[in-house]
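# Coordinate inspection notes
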Amino acid sequence: ESFIFCCNPPLTIDSTSTMASYHKPDEKTLQGLKDIANKLRINSIKATCASNSGHPTTCCSAAELMSVLFFHAMRYKPTDPRNQCNDRFVLSKGHAAPILYAAWAEAGFVKEADLVNLRKITSDLEGHPTPKLAFVDVATGSLGQGLGAACGMAYTGKHFDKARYVLTCVCSYRVYCLMGDGECSEGAVWEAMAFGSHYRLDNLVAIIDANRLGQSEAAPLKHDMDVYRKRCEAFGWNVYVVDGHDVEELCKAFWQAPQVKDKPTMIIAKTFKGHGLKGIEDQDNWHGKPIPKDRAEGFIKALESLIQNPNKAISPELPNEDVAPADLSPISLPSLPDYKIGDKIATRKAYGVALHKLGQSSKRVVALDADMKNSTFSEMFYKAYPERFIECFIAEQNMVSVAIGCATRDRTVAFASTFAAFLSRAYDHIRMAAVSESNINLAGSHCGVSIGEDGPSQMALEDLAMFRAIPTCTLFYPSDAVSTERSVELAANTKGICFIRLTRPETKVIYDPKEKFEVGVAKVVRQSDCDKVTVIGAGVTLHEALTAADQLASEGKGVNIRVIDPFTIKPLDAATILSSARATGGRIITVEDHYREGGLGEAVLSAVGAEPDVMVTRLAVPRMPRSGKPQELLDLYGISAKHIVAAVRQTFAN
């Protein structure tokens, strides 16, 4: 049976569900929610006036949505925002931060007097939400990313946390994500929509605050609610269209959402920007502008007159205690790397082996991939632990956001992998992961020209520069299978974003399985008392450097070179590099399978920049490459052993 409530626009209930047990909230509760909505408006206006910046009109459109969400639908502990049992909330339209802060003030966690410190340098109530605040799991503000993170949280709740909590095998927390209509133009939103329906995330509710107006003009669909509905239904979501300023309709929709199984729910709320502010409501050119102070007082008084019981508080329902606390114990490989010096294995394969082993050590380890698992070798993890593997398909932006969501509140240790080149598509999501203080691990295979015949579209030649620019990033560049396994182990226990750069071709194992590795500590893999030049390589170029060292030594001319494996490009072991440079007459050659800009060479230059007697020669890919065999390409672009030998000789010629 299908139910349609009399409302404008209508609330359409899914035909597979029943409303038999629904009870309308009493009039006091409904009035209390209306009162809270207007309190949220008032505090949003006051905060943005005090900072003389912000987005009060976008807060006003979401006031009833936030009121019903925080004080009727969601279950959480107001004094413990990061409790593992709480419902999750993501404010994807991060510019509405003032109303989020106002909601937590109404809940009692934030002092109402602190709201006027919005955007001050001394306050954590920033212009857009960040996890400096205990009630923020992921930073938002770069639009279109919140839903992907919410999908990661919902997947974790439905699959990982439910499976982990052995007492009841139940996990009842739900995930809510409030989006703007303008951000629905972002493709990442629809990647997340496809993900949510594919994995039947019925513990996820997204809300589109369709207030019609964007920043510079109206959003594309304006108030065409039927098109919104059809698009969301086409993506496989359960959809309700509601009057976003009617608290009773919202109560019905938020009650109905959990009753529908095997589908995520989208609530499309028709609202008006600046609702409640006469002369500003639904008008252009008010986005991102505080209300003029000479008008603000009048609006505040008008809103206060609508509040019937300013002193009545509504407390949120507490959550069920059905989720275990996070396990924060260190994670170690269960056994030594099983390789012998001289064995040949690609570091991308060693990554798969290490991930599989790490999964054996801890059930917190989960893996994500973008339909590359047979090339990144994450399929080894998938075959062993399919219940802890998420196939994100060819949607790298969403994969990163889902990983961020999975890792929130330390629920998982997430490893996401694809070709390193395709992580550039997700760079803004990676950048926002840093703002989110996220602990995600990204593995990028097929870096550099050494991948061979696939050509430049598949070759990551910008990724070192990209990840070096991320403030919270640790950048591993293992050169053999042993160091790869240790990179994966270290990444699992390292705070912040970790990137592991992996190569396609097989390379020789050069380290003993018992070799110890540390973040920020380089390895001197070839040295003598009479070294003339320090050569620094990583990945395939470290092996080219060792070949060059052997060739020079075999010539019998007394030209020995010191070869360094940096292991981590960030942080870089400047002390080892400097001491080696001083021991080799101040001569350094860097060689990298990466463009010159932003890579290993520039990292070394930064490390030795204050040393007047150190000269750095950089060998790197100088131009857009082409298809060819790996060794042909290393030769063509000047980063093979013969070019290292030539650079060493040229150093002495100079």
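No experiment lies behind these values; they were computed from the predicted model shown.

Procedures and definitions
- Residues numbered from 1 in each chain as written.
- Predicted model: local features only at pLDDT ≥ 70, side-chain atom pairs only at ≥ 80, totals over all residues.
- Heavy atoms only, no water.
- Helix = DSSP H or I, 4+ residues; strand = E, 2+ residues; numbered from the N terminus.
- Rg over C-alpha atoms; globule rule 2.2 N^0.38 Å.
- Buried < 20%, exposed > 50% of the residue type's maximum accessible area, 1.4 Å probe, protein only.
- Lys, Arg positive; Asp, Glu negative; His and termini not counted.
- Charge placed at Lys NZ, Arg CZ, Asp CG, Glu CD.
- UniProt positions renumbered as here; feature names shortened; annotations may be inferred.
- Contact = heavy atoms within 4.5 Å.
- Pairing = 2+ DSSP bridges.
- Right-handed = clockwise from strand over helix to strand, strands pointing away.
- Axes fitted to C-alpha atoms, helices over the stretch in contact; angles between N-to-C directions.
- 1 Å grid on protein atoms, 1.4 Å probe; cavity = no way out; pocket = protein on both sides within 12 Å on 5 of 7 lines; lining within 4 Å.
- Points joined across faces, edges and corners; volume = space filled by probe spheres on them.
- Nonpolar A, V, L, I, M, F, W, Y, C, P; charged D, E, K, R; others polar.
- Phe/Tyr/Trp six-rings, centres within 6.5 Å; stacked < 30°, edge-to-face > 60°.
- Lys NZ or Arg CZ within 6 Å of the ring centre and 35° of its normal.
- Salt bridge = Lys/Arg side-chain N within 4 Å of Asp/Glu carboxyl O.
- Core = buried A, V, L, I, M, F, W, Y, C linked by side-chain atoms within 4.5 Å.

Per the secondary structure count, the protein includes 21 helices and 21 strands. Expected size for 654 residues packed as a compact globule is a radius of gyration near 26 Å; at 28 Å, the protein falls within 12% of this value. Over its C-alpha atoms, taken along the principal directions, the protein stretches across nearly 95 × 55 × 40 Å. Among the 654 residues that make up the protein, the fraction classed as buried is 61%. Distance between charge centres in the protein, computed from 73 positive and 77 negative side chains, equals 1 Å.

This brings us to the UniProt feature "domain: Transketolase-like pyrimidine-binding" (unreviewed entry) in the protein. Within this structure's numbering, the places UniProt gives as "domain: Transketolase-like pyrimidine-binding" (unreviewed entry) are residues 345-509. A distance of 7 Å separates the end C-alpha atoms of residues 345-509, which is 39% helix and 21% strand.

Mapped onto the secondary structure, Q31 falls in helix 1 (residues 27-51). A relative accessible area of 18% places Q31 in the buried class. Setting aside its immediate chain neighbours within four residues, Q31 contacts L306 and Q308.

Of the two faces of strand 13 (residues 473-476), the one lined by C473 and L475 and the one lined by T474 and F476 are each fully buried. Alignment of strand 13 against strand 14 (residues 497-501), held across four bridges, turns out to be parallel. Each residue of the ladder has a partner; that of T474, found in strand 14, is C498. Handedness of the crossover joining strand 13 and strand 14 through helix 16 (residues 481-492): right-handed. Both strand 13 and strand 19 (residues 568-570) contribute to a ladder of two bridges, which runs antiparallel. When the bridges of strand 19 are listed, F476 appears paired with T568.

Attention now goes to the sheet that holds strand 3 (residues 88-91). Strand order in this open sheet of five strands is 3-4-5-7-6, and the pairing throughout is parallel. Sheet topology places strand 3 and strand 6 (238-243) at the edges, where each strand pairs with a single neighbour. Averaged over all adjacent pairs, the angle separating strand axes in this sheet is 20°, with direction ignored. Pairing between strand 4 (residues 175-180) and strand 5 (residues 204-210): six bridges, direction parallel. Considered in strand 5, the bridge of L178 is made with I207. Each of strand 5, strand 6 and strand 7 (265-270) is contacted by helix 7 (residues 225-234), which is oriented at about 170° to strand 7, the strand it contacts most. The strands touched by helix 8 (residues 247-256) within the sheet are strand 4, strand 5, strand 6 and strand 7, with strand 6 carrying the most contacts at an inclination of about 170°.

Moving on: the environment of R623. Examined against the element boundaries, R623 turns out to sit in the loop between strand 21 (615-621) and helix 20 (630-636). Looking at R623, the relative accessible area reads 42%, which means it is partly exposed. Between the C-alpha atoms of R623 and E249, which are 374 residues apart in sequence, the distance is 60 Å.

Okay, the sheet that holds strand 16 (residues 523-526) next. With mixed pairing, five strands are arranged side by side in an open sheet as 16-18-17-20-21. Where the open sheet ends on each side, the last strands, each with one partner, are strand 16 and strand 21. Averaged over all adjacent pairs, the angle separating strand axes in this sheet is 25°, with direction ignored. Bridging between strand 16 and strand 18 (residues 560-565) involves three bridges; their strand directions are antiparallel. Paired with V524 across the strands is I564, a residue of strand 18. Contacting strand 16, strand 17 (531-537), strand 18 and strand 20 (587-595), helix 17 (residues 540-554) crosses the sheet at an angle of about 165° to strand 18. Its contacts with the sheet put helix 19 (residues 600-608) on strand 17, strand 20 and strand 21, and the angle it makes with strand 20 is roughly 145°.

With that settled, consider empty space enclosed by the protein. Counted according to the given criterion, the structure contains four cavities of 30 Å³ or more. The volume enclosed by the largest cavity comes to roughly 80 Å³. Grouping the amino acids of the lining of the largest cavity by side-chain chemistry returns seven nonpolar, one polar and four charged.

Looking now at the packing of aromatic side chains. This structure, assessed with the given rule, holds 22 aromatic pairs. Between F476 and F567, the ring centres sit 5.8 Å apart and the planes meet at 70°, which makes this aromatic pair edge-to-face. You can see F476 sitting in strand 13 and its partner F567 sitting in the loop between strand 18 and strand 19, a full 91 residues away along the chain. The exposure class assigned to F476 is buried, which follows from its relative accessible area of 0%. Overall, the relative accessible area of 0% leaves F567 in the buried class. An aromatic cluster of three or more residues is present, and its members are F70, Y76, F89, Y101, W104, F109 and F135. Stacked on the ring of Y382, the Lys or Arg K373 has its end atom at 5.4 Å from the ring centre. Sitting above the plane of the F517 ring, K523 keeps its charged end 4.8 Å from the centroid.

Let's shift gears to the pattern of salt bridges. The final tally for this structure, using the stated rule, is 28 salt bridges. Between D282 and R212 there is a salt bridge whose closest N-O contact spans 2.9 Å. With D282 in the loop between strand 7 and helix 9 (293-304) and R212 in the loop between strand 5 and helix 7, the pair connects residues that are 70 residues apart, well separated along the chain. In this structure, a network of salt bridges that share partners links the residues K24, E27, E248 and K252.

Turning to the nonpolar core, a few remarks are in order. Generally speaking, a soluble globular protein has its nonpolar side chains buried in company with each other. Ranked by internal contacts, the top residues of the largest apolar core, which has 87 residues, are L147, M266, I390 and L442. With eight residues, helix 5 (residues 146-164) is the single largest residue contributor to this core. The contacts of I390, once residues within four sequence positions are left out, are Y155, F160, F195, Y199, A367, L368, D369, V402 and C406. Counting 54 residues, the second largest nonpolar core, distinct from the first, contains A37, W104, L118 and Y176.

Below, the discussion takes up the pairing of strand 11 (residues 413-419). Each regular strand shows side chains that alternate between the opposite faces of the sheet. Of all seven residues in strand 11, seven are buried; the element is thus mostly enclosed. Sheet topology note: the strand 9 (residues 365-369)/strand 11 ladder contains five bridges and is parallel. Each bridged residue has a counterpart across the sheet, and for D369 the counterpart in strand 11 is S417. For strand 11 and strand 12 (residues 440-445), the ladder comprises six bridges, and the chain directions are parallel. What sits directly across from T418, in strand 12, is G444. Following the backbone out of strand 11, through helix 14 (residues 427-435) and into the adjacent parallel strand 12, one traces a crossover that is right-handed.

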